[in-house]
Amino acid sequence: MPKRNGNTASASPETPVRMKGAQMVWEALLREGVRVIFGHPGGAILPTYDALAPYEAAGKIHHVLVRHEQCAAHMADGWARATGEVGVCIATSGPGATNLVTGLATAQMDSVPVVAITGQVPTNLLGTDAFQESDVVGVTAPVCKHNYLVTDVNELPLILKEAFYIAREGRPGAVLIDICKDVQNAEGWFRYDFEIDLPGFEPWPQVDMEAVRKAAELINKAERPLVLSGHGVQLAGVGRELLQMVEKAEIPVVTTLLGTGNIPESHPLSLGMGGMHGEAYANRAVQACDVLIAMGMRFDDRITGRLDSFAKQAKIIHFEVDKAEVGKNVVPDVAVIGDLAETLPALLPLIEERRHQVWLQEIREWKKDTEQADILNYEVDELIPPFVIRQLWHATHNAKNGPPIIVTDVGQHQMWESQYFTHEYLGQLITSGGLGTMGFALPAAIGAQMAHPNRLVWAVVGDGGFQMTLQELAVIKQEGDLPVKIAIINNGFLGMVRQWQQLFYEKRYVGTPVWSPDFVKLAEAYQIPALAVTKPEQVAPALERALNTPGPFLIDFRVKEEVNVYPMVAPGAAVDQLIRRPKPAVMQGYSGVQPSW
Amino acid sequence: MKYTLIAWMRDKPGVLSRVAGMMRRRNFNIDSLQVGHSETPGISRMTFVVDGNDRMVDQVIKQLRKLVDVTRVENISEQPIVAREMALIRVSTNAENRSEIVQLVNIYRGEIVDVALDSMIVQIVGSEERVASLIDLLDNFGIVEMVRTGPVAMARGQMEHKYRRSTAVWRAQANGRDATAVERFRTGGV
Ligand SMILES: Cc1ncc(C[n+]2csc(CCOP(=O)(O)OP(=O)(O)O)c2C)c(N)n1
Ligand SMILES: [Mg+2]
């Protein structure tokens, strides 16, 4: 969970110590509790790397060498999502720094606290198009919460402290510090007991109790209330309070992709994910509720569909820490601005115990009407992705050392995972929701695994996305056989794009067939054990084998190629105008067994 | 509709590009933007005129407030304000029309700040309308060169309030005390 330690100025002033800027970086990181950083060296950051030596030797800070800086940011991101701590990545100037951009944008879009440190050319060369110079602050400003160019060593300690503070507090995000090489080499006085003084930064807005009361009033009067909960619930660590609230007043819950697991998905009040690939009943509930309680979410177009027909019938209450999100896409009737960790506990006692049997019965009827359940327990004769995902759930949901962490990439497999895996815990799913960054899964899974060496971490990734960052397999090995398990859902296509081409571009598959190497041989080249699976009956044994093999394992699931993700709300359509899941041909042998959940 | 906003921000390198970048990225339409010093050392003041509707302006304000260096934003569109622009206009002249131009400029309470045989430079400070109207008139004589600012603006009234606060900062500084606390209060996180 995020640290809410706020301002940590200590009582007795710290005695400043004389040291180089390069060393200040590590001293600051130590004080921020950073143990692992992800990076790639180069000329302009070399002094800082050099100063790391004693800290590495003493086992205080461990540097993970990535194979591409984008993945340093993704690993820091995966680490941060898995722990709630700030993830840290480091790169050199110019190309090193520009390679970070995608990773920073990914973290920023999903409100993940990441601090990036980059080297910059010496101050006397700034602006001269020097070797490996690029305007990193300019390039990254639009994708960061804040960023800094450091040209004076005496400003470095305060900037480091501010950077962590800004990344962590309020709605988290990415902060970059670009440090000129001469500043790294220069000596200055280091102390870290500053009081942060940022008059323009208001991370935790004052809670208006009147708004909380108004929200409670609306909720208490509602006949068909619905919670739409997002990533903010996890960031505030209020899954339990949310469950208490919805159980007390019997309110069903729809989540966003990043809100997955906010309440257990097997809970009778959980309707799973809504939006573009949400279940029909979840979206129908959004369009039929009378009070919509949005919690820690930002009404992204993937969840709302066509805005002017989104939940028009409902009174909307928006719980949100970032004022700018309130009224951006949807204007709420009541805005409860502030930290959910404050507002939700304040709301709880004001909520009356209610039962909404009529409303829930209605939703249950809609649930019957959907075919998601059908897919799950039938006999398959072809290897289709939903089946693979469900098998993955069967094999892993009782993992020792806590629930498995599933890290998905972007595409069809990502949506299938969210539909067919039952997420029971907050933070169990790590995925790039906002930016939708292909290539995210493998590095983010590595970051999550480094944070939780004993937990089961699965990367679920498409054949396309895997080839964007597969070079990081080397990191798995170099870090001593990290036990990351990799499931490639290999459908021979950039599947999600192919699906759009099938549905909206008359099946013209331009640029979407994707040739892949033999992933098993590839894994072997990296000395990672691997298996290919082509038939349904091989799935369970392969998963078993992966789970029983210590260290990493890769399974290449060569699934049926042209399978689509349903239901689907076409872009620009209202969320209840969805393309239903057709009874697939493969289901003719369906035995009619009712699924168990 | 046009809105006038004032933003105060820490005078840090790059702050102007942060503000401008945010406006561009979020597709907000800036009509004009003026930046300069405020009464508080280290705090710059920007006057924006943005074109849009209430919801868009609400977003502009919130997104501006989200920038770490921006300490305060006010929407003064609904208040009585003083808004002034300035223009320097080089107009071509000859012996016949020179005095007519001078008369016009006087009517507009402008100033002739430079005179040459074939032209002169007119300076005008005033409301947008007044500046525009003089420009229109002078155009009949042939404008050769012109530079015109956007408006800088201030809310009318509230004098006492503002005066008292800035004095507190000034006094703290004059007495050699650290004014950051006062200043932070004054520029108020919000
Ligand atoms: C970096 C990046 N480039 C392009 C896209 C657009 N895109 C979204 S899904 C997708 C297809 C992904 O293919 P694959 O990884 O094989 O997964 P599948 O959809 O087949 O499961 C693409 C190209 C993206 N999200 N990210
Ligand atoms: Mg694919």
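Along each chain, residues carry numbers from 1 onward, in the same order as the chain's sequence is written. Think of it this way: whatever chain is written first is A, whatever ligand is written first is 1, and the rest follow in order. Local features are withheld for residues below a pLDDT of 70 in this predicted model, meaning they are given only at 70 or higher, and side-chain atom pairs are given and counted only at 80 or more; totals for whole chains, interfaces and linings count all residues. Note that water and hydrogens are dropped before the side-chain values are worked out from all heavy atoms of the structure.

Caption draft 1: Geometry of unusual backbone geometry. Residues and elements named next belong to chain A. At the junction of Tyr566 and Pro567, the peptide bond is cis and its omega measures out at -5 degrees in the coordinates. In this fold, Pro567 is placed in the loop between strand E20 (553-558) and strand E21 (568-569). Not every positive phi belongs to a glycine, and Glu506 is a case in point at roughly 45 degrees. The way it works is that DSSP assigns letters per residue, a run of H or I at least four long becomes a helix, a run of E at least two long becomes a strand, and they are numbered from the N terminus. Secondary-structure assignment places Glu506 in the loop between helix H21 (495-504) and helix H22 (519-525). By relative accessible area, which is 62% here, Glu506 ends up exposed. Categorising residues by exposure relies on relative accessible area from a 1.4 Å probe, with only protein chains included: less than 20% of the type maximum marks a residue as buried, more than 50% marks it as exposed, and the intermediate range marks it as partly exposed.

Caption draft 2: A look at the domain arrangement of chain B. All names here are of chain B. Examined at the domain level, chain B breaks down into domain 1 (1-78) and domain 2 (81-152). Centre-to-centre, using C-alpha coordinates, domain 1 lies 29 Å away from domain 2. Contacts: residue pairs with any heavy atoms within 4.5 Å of one another. Between domain 1 and domain 2, the residue contacts involve six residues of the former and five residues of the latter. For any pair of parts, buried area is found by adding up, for both, the accessible area (1.4 Å probe) each one loses once the two are put together. Buried surface at the junction of domain 1 and domain 2, summed over both partners, amounts to about 470 Å²; 67% is from carbon and sulfur atoms. One speaks of a salt bridge when a side-chain nitrogen belonging to Lys or Arg is within 4 Å of a carboxyl oxygen belonging to Asp or Glu. Counting across the domain 1 and domain 2 interface gives zero salt bridges. Nitrogen and oxygen atoms within 3.5 Å of one another constitute a polar contact, given that in protein one can donate a hydrogen and the other can accept it, and given that sequence-neighbouring residues count only through two side-chain atoms. The tally of links from domain 1 across to domain 2 stands at zero residue pairs in polar contact (both at pLDDT 80 or more). Put simply, Ala, Val, Leu, Ile, Met, Phe, Trp, Tyr, Cys and Pro go in the nonpolar bin, Asp, Glu, Lys and Arg in the charged bin, and everything else, Gly too, in the polar bin. A breakdown of the residues in the side of domain 1 that touches domain 2 according to their chemical character gives two nonpolar, four polar and no charged. In this document the domain limits rely on a domain assignment from an automatic tool or a database.

Caption draft 3: Spotlight on the domain arrangement of chain A. All names here are of chain A. Domain annotation for chain A reports domain 1 (17-190), domain 2 (209-366) and domain 3 (385-562). Summarising the inter-unit geometry, the C-alpha centres of domain 1 and domain 2 are found 37 Å apart. Roughly 590 Å² is buried in total at the junction of domain 1 and domain 2, and carbon and sulfur atoms are behind 53% of that figure. In terms of surface lost to domain 2, no three residues of domain 1 exceed Arg81, Asp110 and Arg171, which account for 67% of the buried area on that side. Where domain 1 packs against domain 2, one counts two salt bridges.

Caption draft 4: Representation of the confidence of the model for chain A. Per-residue confidence from the prediction method is given by pLDDT, with values spanning 0 to 100. Per-chain confidence: chain A averages 93 in pLDDT, with 93% of residues scoring 70 or above. Counting contacts from residues 584-597 of chain A, a segment whose pLDDT is below 50, to residues more than four positions away or on other chains yields 18 contacts.

Caption draft 5: Quick peek at the sheet that holds strand E16 (residues 429-431) of chain A. Residues and elements named next belong to chain A. In space, the six strands of this open sheet follow the order E16-E15-E17-E18-E20-E19, with parallel pairing throughout. The sheet is open, and its two edges are formed by E16 and strand E19 (530-533), each paired on a single side. Taken pair by pair, the neighbouring strands of this sheet meet at an average axis angle of 20 degrees, ignoring direction. Strand pairing is assigned whenever DSSP identifies at least 2 bridges connecting the two strands. Summarising the sheet, strand E15 (residues 405-408) and strand E17 (residues 457-462) pair through four bridges and their orientation is parallel. Its bridge partner lying in E17, Thr408 is registered against Val460. To obtain an axis, a line is fitted to C-alpha atoms, over the contacting stretch when the element is a helix, and the angle between two such axes runs from 0 to 180 degrees between their N-to-C directions. Of the strands in this sheet, E17, strand E18 (485-490) and E20 touch helix H16 (residues 385-396), which is tilted by about 175 degrees from E17. Where helix H18 (residues 441-451) meets the sheet, it contacts E15, E16, E17 and E18, and its direction lies at approximately 175 degrees from that of E17.

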